[in-house]
Amino acid sequence: MNDRAAKKNLISDSLNFEQYQELSHDLVLRNDTSGVSYLESQLINITELREDSVCITLPKNICQSGHNLTLAIFLGRLKKKLQKFPPPESIESITLIGKVIDLSQVDEDQVLIEVKFSQYKTNEWKSIITKYIEQQDKITSLVEEVKK
């Protein structure tokens, strides 16, 4: 066995796969401009986290550029479909209020939007970003170790 194969075996032997579990957050929203809630979390995907905004894909016709939205982000996947939008004081979710500042068509059924936050708890949002950064750092270090 060559040194490279031996090193890969040693790395794989020491891996803790729980460290590399995919992070997931479900999201539902209420369009405060139209007064309509959208509770189909499986059809909403977070694509990018930014310092004071989030980019998400969702079915078209849920909102338009300039609309005000309230987002509820849940730590992990929802076990069952929500019947109503969660109150801001819910311990299971983080509430963020913002405005759609960008909207672009992804395909005939979906759009990509950016929601810039106007009201949110900075420490809660930063904790979500930190979790994703830490997870990415773990994966990057693993990839770098395998490349050696």
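Structure: see above.
Read on for a plain summary of the structure. One numbering rule holds for all chains: residues counted from 1, following each sequence as written. Only residues with pLDDT of at least 70 get local features here, since the model is predicted, and only at 80 or more are side-chain atom pairs given and counted; chain-wide, interface and lining totals rely on the full set of residues. Heavy atoms throughout the structure, all of them, feed into the side-chain values; hydrogens and water do not.

For the rest of this paragraph, the subject is the nonpolar core. Here, nonpolar core refers to any group of buried Ala, Val, Leu, Ile, Met, Phe, Trp, Tyr and Cys residues whose side-chain atoms link them within 4.5 Å. When a residue's accessible area, from a 1.4 Å probe over protein chains only, is under 20% of the maximum for its type it is buried; when over 50% it is exposed; and in between it is partly exposed. The biggest cluster of nonpolar side chains holds 22 residues, and the ones touching the most others in it are Leu29, Ile56, Leu58, Leu69, Leu71, Ile113 and Trp125. Runs of E in the DSSP output that reach at least two residues are strands. Runs of H or I that reach at least four are helices, and both are numbered from the N terminus. The set of elements that each furnish at least two residues to this core consists of β1 (25-31), β4 (53-59), β5 (68-75), β6 (93-105), β7 (110-120) and α2 (122-147). The element contributing the most residues to this core is β7, with 4 residues. Counting 6 residues, the second-largest nonpolar core is a separate cluster that includes Leu39, Ala72, Phe74 and Phe85.

Criterion for a salt bridge: a side-chain nitrogen of Lys or Arg within 4 Å of a carboxyl oxygen of Asp or Glu. Under the defined criterion, the tally for this structure stands at 6 salt bridges. Put simply, Asp26 and Arg77 hold a salt bridge, and the shortest N to O gap is 2.5 Å. With Asp26 in strand β1 and Arg77 in the loop between β5 and β6, this pair connects stretches of sequence that are 51 residues apart. With relative accessibility at 5%, the residue Asp26 sits in the buried group. As a salt-bridge pair, Arg50 and Glu48 come within 2.9 Å of each other at their nearest N and O atoms. Judged by relative accessible area, Arg50 falls into the partly exposed class, the value being 30%. Under the relative-accessibility criterion, Glu48 is labelled partly exposed at 36%. One salt-bridge network, held together by shared partners, links Glu48, Arg50 and Glu114.

What follows is about the pairing of strand β3 (residues 45-49). As paired strands, β3 and β4 are joined by 4 bridges and run antiparallel to one another. In the strand pairing of β4, Asn45 is matched with Thr57. Counting the residues that bridge the hairpin from β3 to β4 gives 3 residues. When DSSP finds at least two bridges between two strands, those strands are taken to pair.

To pair, rings of Phe, Tyr and Trp, with the six-membered ring standing in for Trp, must have centres within 6.5 Å; the planes then decide the type, stacked if under 30 degrees apart, edge-to-face if over 60, and tilted in the middle. Enumeration over the complete set of coordinates arrives at 2 aromatic pairs. Geometrically, the ring pair formed by Phe117 and Trp125 is edge-to-face, given 4.9 Å between the ring centres and 80 degrees between the ring planes. Taking relative accessible area as the criterion, Phe117 reaches 7% and is therefore assigned buried. Ring-pair connections join several aromatic residues into one group, and the members of that group are Phe117, Tyr120 and Trp125.

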